[in-house]
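Remarks on the overall topology
Residues per chain are reported as follows:
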Number of protein chains: 2
Amino acid sequence: MEMDERKMRILQAIIDDYILTGVPVGSRTISRKYETGLSSATIRNEMSDLEELGFLDQPHVSAGRIPSAKAYRLYVDTLLKTGTIPDDSRSSVGRYFAGRVHQMEDVIDHAAQVISSLTHYTAVVLSPKGSQPRIRTVQLVPVSAEMALVVIVTDQGVVRDSVIRVGSQMDSDTLYAISRTLTIELQGATLAEACDRIPEIARRINGNDQMLRELYGYLTEGQKSPRRSHVAVGGTSNMLAYPEYSDVDKARNFLSLMETRDKLADIIRGSGEMAFTVRIGPETGVPEMADCSIVTASYSTRDGQQGTIGVIGPTRMQYSRVLSILNIIGHQLTDMFSGGDEER
Amino acid sequence: MEMDERKMRILQAIIDDYILTGVPVGSRTISRKYETGLSSATIRNEMSDLEELGFLDQPHVSAGRIPSAKAYRLYVDTLLKTGTIPDDSRSSVGRYFAGRVHQMEDVIDHAAQVISSLTHYTAVVLSPKGSQPRIRTVQLVPVSAEMALVVIVTDQGVVRDSVIRVGSQMDSDTLYAISRTLTIELQGATLAEACDRIPEIARRINGNDQMLRELYGYLTEGQKSPRRSHVAVGGTSNMLAYPEYSDVDKARNFLSLMETRDKLADIIRGSGEMAFTVRIGPETGVPEMADCSIVTASYSTRDGQQGTIGVIGPTRMQYSRVLSILNIIGHQLTDMFSGGDEER
DNA sequence: GTTAGCACTCACGGGCATCGAGTGCTAACA
DNA sequence: TGTTAGCACTCGATGCCCGTGAGTGCTAAC
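These lines cover the structure that appears in this document, whether it is placed above or below. (Residues numbered from 1 in each chain as written. Chains lettered and ligands numbered in written order. Predicted model: local features only at pLDDT ≥ 70, side-chain atom pairs only at ≥ 80, totals over all residues. Heavy atoms only, no water.)

**Details of the protein's contact with DNA strand C**
Threshold: By convention in these notes, a residue is near a molecule or strand provided one of its non-hydrogen atoms lies within 4 Å of it. Identification of polar contacts relies on pairs of N or O atoms within 3.5 Å, with a donor-acceptor requirement for protein atoms, meaning one able to donate a hydrogen and the other able to accept it, and with residues adjacent in sequence counted only if both atoms are side-chain atoms. Secondary structure elements follow DSSP: runs of H or I no shorter than four residues count as helices, runs of E no shorter than two count as strands, and numbering proceeds from the N terminus. We call Asp, Glu, Lys and Arg charged. Ala, Val, Leu, Ile, Met, Phe, Trp, Tyr, Cys and Pro are nonpolar, and the rest, Gly among them, are polar.
What surrounds DNA strand C is a group of 21 residues, the closest being Ser27 of chain A together with Arg6, Thr42, Val61 and Ser62 of chain B. For DNA strand C, the backbone makes up 74% of the atoms found within 4 Å of the protein, where backbone means sugar plus phosphate. The backbone of Ser62 of chain A places a nitrogen or oxygen atom 3.4 Å from a sugar or linking oxygen of DNA strand C. Looking at the surface near DNA strand C, the elements that each hand over two or more residues are helix H3 (40–52) of chain A together with helix H3 (40–52) of chain B. When residues of the surface near DNA strand C are assigned to their parent elements, the largest contribution, four residues, is made by H3 of chain B. Grouping the amino acids of the surface near DNA strand C by side-chain chemistry returns six nonpolar, eleven polar and four charged.

**Overview of the sheet that holds strand E8 (residues 276–280) of chain A**
All names here are of chain A. Selection rule: Being paired, for any two strands, means DSSP has found at least two bridges between them. Inter-axis angles, ranging from 0 to 180 degrees, are taken between N-to-C directions of lines fitted to C-alpha atoms, where helices are fitted over the stretch in contact. Whether two residues are in contact is decided by their heavy atoms, any of which lying within 4.5 Å being enough.
Read from one edge to the other, the open sheet built from five strands follows the order E7-E3-E10-E9-E8, with strand pairing classed as antiparallel. Every interior strand has two partners, whereas the edge strands, strand E7 (231–234) and E8, have only one. Between one strand and the next, the sheet's axes are offset by a mean angle of 15 degrees, whatever the strand orientation. The sheet contact formed by strand E3 (residues 122–129) and strand E10 (residues 306–314) spans six bridges and is antiparallel. Bridge pairing in E10 links Lys129 to Gln306. Contacting E3, E7, strand E9 (292–300) and E10, helix H6 (residues 104–119) runs over the sheet at an angle of about 150 degrees to E3.

**Comments concerning the protein's contact with DNA strand D**
The environment of DNA strand D is formed by 21 residues, the closest being Arg6, Ser39, Thr42 and Ser62 of chain A together with Ser27 of chain B. When atoms of DNA strand D within 4 Å of the protein are split into backbone and base, the sugar-phosphate part holds 73%. Contact between DNA strand D and Arg6 of chain A: a phosphate oxygen at 2.6 Å from a side-chain N or O atom of the residue. Separating a base oxygen of DNA strand D from a side-chain N or O atom of Ser62 of chain A is a distance of 3.2 Å. Those elements that provide at least two residues to the surface near DNA strand D are H3 of chain A together with H3 of chain B.

**Here's the deal with the packing of aromatic side chains**
All names here are of chain A. Basically, it comes down to this: Stacked, tilted and edge-to-face are the three classes assigned to paired rings of Phe, Tyr and Trp, where Trp is represented by its six-membered ring and a pair needs centres within 6.5 Å; plane angles under 30 degrees give stacked, over 60 edge-to-face, the rest tilted. Each residue gets one of three labels from its accessible area relative to the maximum for its type: buried under 20%, exposed over 50%, partly exposed in between, using a 1.4 Å probe on protein chains only. We count a charge as sitting over a ring when the NZ of a lysine or the CZ of an arginine lies within 6 Å of the ring centre and within 35 degrees of the ring normal.
One pass over the structure, following the stated rule, counts nine aromatic pairs over all chains. Ring centres 5.9 Å apart and planes at 50 degrees place the aromatic pair Tyr72 and Tyr319 in the tilted group. Of this pair, Tyr72 sits in helix H4 (residues 69–81) while Tyr319 sits in helix H12 (residues 319–342), placing them 247 residues apart in sequence. Of the two residues examined, Tyr72 and Tyr319, each falls in the buried class. When the ring of Tyr245 is compared with that of Phe254, the centres are 5.2 Å apart and the planes differ by 45 degrees; the resulting orientation is tilted. Assigned by exposure class, Tyr245 and Phe254 land together as buried. Ring pairing ties together the aromatic residues Tyr72, Tyr75 and Tyr319, which thus form one cluster. We note Lys70 situated over the ring of Phe55; from NZ or CZ to the ring centre the distance is 4.7 Å.

**Section: the pattern of salt bridges**
Where we set the bar: The salt bridge definition used is simple: a Lys or Arg side-chain nitrogen within 4 Å of an Asp or Glu carboxyl oxygen.
Inspection of every chain in the model, using the stated rule, returns 26 salt bridges over all chains. Here Arg73 of chain B ties to Glu283 of chain B by a salt bridge, and the two come within 2.5 Å at their closest N and O atoms. Remark: Glu283 of chain B occurs in the loop between strand E8 (276–280) and strand E9 (292–300) and Arg73 of chain B occurs in helix H4 (residues 69–81); sequence separation between them is 210 residues. Using a relative accessible area of 34% as the deciding quantity, one classes Glu283 of chain B as partly exposed. The closest approach of N and O atoms between Arg252 of chain B and Asp249 of chain B, which form a salt bridge, is 3.2 Å. Pair noted here: Arg252 of chain B and Asp249 of chain B are both in helix H10 (residues 248–259), with a separation of three residues, about one helical turn. Here Arg252 of chain B falls in the partly exposed class, since its relative accessible area comes to 27%. Owing to a relative accessible area of 46%, Asp249 of chain B belongs among the partly exposed residues under this scheme. Each of Arg6, Lys7, Glu46 and Asp49 of chain A takes part in a single network of salt bridges with overlapping partners.

What follows is the structure, given as structure tokens:
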């Protein structure tokens, strides 16, 4: 048996209806609500075929059919292939990131908010992650008589900072001089390399032992627990609005997964760095998400780093809408992180 | 009718049992499970009195009694008065903030995790908030040819940073010189004052118009949308484990409240800055939390700023345990933020 | 003041009938 | 040959009834 054009149309209608209502859809519904000039009996025959082909499931004999993961897959693939992602609605939706927003983390948090409130699903945004960052500048800023703030600017714009103790009292100028030395010595090094070089530098500039020791401690520690990328989540409560999660246990599992940010980041990032990824139900590889889908898109910064934005929703997600929203927000983030700083 | 010692003991037993099981407790349960040498009939009489006094509610006539908010209030008050908060268990629980943790936000996030996993309730931690921060140091760190990172260290240790555009190319030394000038000029000023002074400074040092304009823009913006305090939440999913939230709608309301951090911060902070606060059910003043209680404690930094840690749980919360945990963690945070930096 | 006894209440859960949405099949029709 | 009307059948959902049991309140006896 083959898929023909009519079967395709009917499948489409079933998917549309199920996405809308979340209730198994019967043959009558299709023959009446959608413009097929066919009777329910004919639809029934076709549905029976579609079930045999693996596109439909039947929860029990006297209920309607629901689309299988395979059906969504087909649906999404044609969606992606025909490029139905409306990019131009960008203008109509407006820009969500007006004004100057300074801290990358704020932008990311905000993006998660925006995406979740637009889609009514759960949104996850990961900060960009590139290769090993390389040091550009090291600067010590006096904080109090004995404390200094270490600011390390890397080529990824990522700033790591921490307050350390500088042993003897040092004035601003001394700190600046040391900063210059450190910058020259460490420029272009990765953080790991910097770590290795510190003892040698300490030998050359003596007298600042304590400070360098603290700096060393700070860097090694940073190595051990690498600053995982920032993960922003928005709209977790949205999921509870869908009947899929009217079971409290399921909901709890889902929520606690959303809380373990590291795991969540792995799941979201799991899809490589393609422009769009759609993983449906079992494709997610996460048991807790057996009846969820994950849609991701990527954005990039001027350094060519890739960040990820994603939406988690029930398998009967409004894929088309979600893809288009992710597309828009992805572009806006890219604009912002690449144009924003240097060209504006 | 008066409360006597026996009524008190019985009420105590009822509360204990209800906290444990979450099920209305009957007279037999009390007479058997607890060491009162009284028969169920006697307990029944006493319970009837306690109900009349407003300490017990009866969901329906053939069910047991449940403690009212007033009962919890009494319970907590005696708990607080008799100082049953076991402070010494501090050692047995161990220190949760071992190792050097650098960023205040990380510490706060971590604290929320720890508290929620110890209590099995939802934890909220607010970053310290004091009076207007005053500038200590301003430093410009070169990032690229045309960009610089502004680091402003305030007396609250709070560092605000942002990348701004410095017009013409400036080398590290020039930026340092400007930084020194700015530091001298702006030291001790609040951010608002700094804002006001910039134009005047710009007039004196000419040639760096663009940079100062950017700096000005950055500061005014910071004024308009004051950086609200950091709010860390942990264990929201814990709440779903309690039968109180087996109703999905209730759960969703609760969760979406947890998501609006600003509102949440207001609620948690709503209690002033007392050492301990317990608000029970209606006392929270939040309709979504009609059957929740909020317990808060405060911690402080060396600058005398107050931060808040809090636990949100069902009214039948293990108050004693929660108070003791908050006590411990509060002390640890205080130690960390006041001793940690300067004395260690 | 305490307790045993007893009638009464009422949520809960199982059993049962009903309902209705939906299916599959067959036979008739174009 | 494809489409449709008709019909018997399935099975979850809904609603009702009723027995059960935990728990109460009251009374009378200790």
